[in-house]
Amino acid sequence: MLINLTELFSVEGKVKHYICELEFSEFCVPEGTYAVVEKTPVNLDITNKGNKVFSVTGSVDVSLEMPCSRCLDPVKVDFHLEIDDEIDMKQTDKDRMEALDEQFYVNGYNLDVDQMVRNELTLSLPMKVLCDENCKGICNRCGTNLNRGTCDCDTRSLDPRMSVIQDIFKQLKEV
């Protein structure tokens, strides 16, 4: 959803409350694409602080379906995002880049609420998602989910220096 900020330019100190529905149903990052399974409307308060500077505050709740880092089962991950930002409409795109304040959600006099939430969500992503603290993961040989069952794979860790002798035994079995 786009919010046109020109209606707030007229009066310094003017506060406008917006309730915006999120329009995206997937969240794409380099690690993958995650489905949005739940979302609440975004509650935003935009305040004209004067001299073409706006304060944006608000909150939103979003739930993504992400794979477990160990077993790859889907996990519902809840996010409560607090938005607290300041937009200086006097700055050009070049000024924002030089200040390392790249606000991709501001285009002209429009504020892209979906992109602003995506930015906040990107900053809130966890390093690792687990379905359970005691998740056993998957077998690195056959791919069996070890939370659901066991496999018959040889899980002994052999000394790499003994690999030559192991190869001899394999050759003897073949004969």
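Coordinates for the structure precede this section.
The structure reproduced in this document is the subject of the present report. Since the model is a prediction, treat every value here as computed from it, not as a measurement. (Residues numbered from 1 in each chain as written. Predicted model: local features only at pLDDT ≥ 70, side-chain atom pairs only at ≥ 80, totals over all residues. Heavy atoms only, no water.)

Before going further, it helps to spend a moment on the overall build of the protein chain. Across its full length, the protein chain holds three helices and nine strands. Along the protein chain, helices (α) and strands (β) appear in the sequence β-β-β-β-β-β-β-α-β-β-α-α when read from the amino end. Scored against the burial criterion, the 175 residues of the protein chain give a buried share of 29%. Counted over contacts in the protein chain with a minimum sequence separation of 6, partners at least 24 positions apart contribute 56%. Carbon and sulfur atoms make up 50% of the accessible area of the protein chain, which amounts to about 11,600 Å² in all. (Helix = DSSP H or I, 4+ residues; strand = E, 2+ residues; numbered from the N terminus. Buried < 20%, exposed > 50% of the residue type's maximum accessible area, 1.4 Å probe, protein only. Contact = heavy atoms within 4.5 Å. Areas by Shrake-Rupley, 256 points an atom, 1.4 Å probe, with all protein chains shown as cover.)

On to the pattern of salt bridges. Throughout the structure, instances matching the rule amount to five salt bridges. When the shortest N-O distance is used, the salt bridge between K49 and E86 registers 2.7 Å. Residue K49 is located in strand β5 (residues 42-50), and its partner E86 is located in strand β7 (residues 74-88); the two are separated by 37 residues in the primary sequence. For E86, a relative accessible area of 41% puts it in the partly exposed group. Residue R148 pairs with D73 through a salt bridge whose shortest N-O separation is 2.7 Å. Within this pair, whereas R148 is found in the loop between α2 (113-124) and α3 (163-174), its partner D73 is found in the loop between β6 (53-67) and β7, the two being separated by 75 residues in sequence. Residue classification places R148 among the exposed residues on the basis of a relative accessible area of 64%. In this structure, a network of salt bridges that share partners links the residues E38, K76 and D78. (Salt bridge = Lys/Arg side-chain N within 4 Å of Asp/Glu carboxyl O.)

In this fold, G149 is placed in the loop between α2 and α3. Residue G149 is classed as partly exposed on the basis of its relative accessible area of 27%. In the structure, G149 is positioned 11 residues away from I138 in sequence and 9.9 Å away in space, judged by C-alpha atoms.

Another aspect to go through is the sheet that holds strand β9 (residues 110-112). Pairing is antiparallel in the open sheet, where three strands are placed in the order β1-β9-β8. The open sheet has two edge strands, β1 (2-4) and β8 (106-107), and neither has a second partner. Sheet topology places β8 next to β9; two bridges connect them, and they run antiparallel. Following the sheet pairing, N107 is matched in β9 by N110. Against the sheet, α2 makes contact with β1 and β9, and its axis sits at roughly 45 degrees relative to β9, the strand it touches most. (Pairing = 2+ DSSP bridges. Axes fitted to C-alpha atoms, helices over the stretch in contact; angles between N-to-C directions.)

The quantities given are spatial measurements derived from coordinates; they are silent on function.
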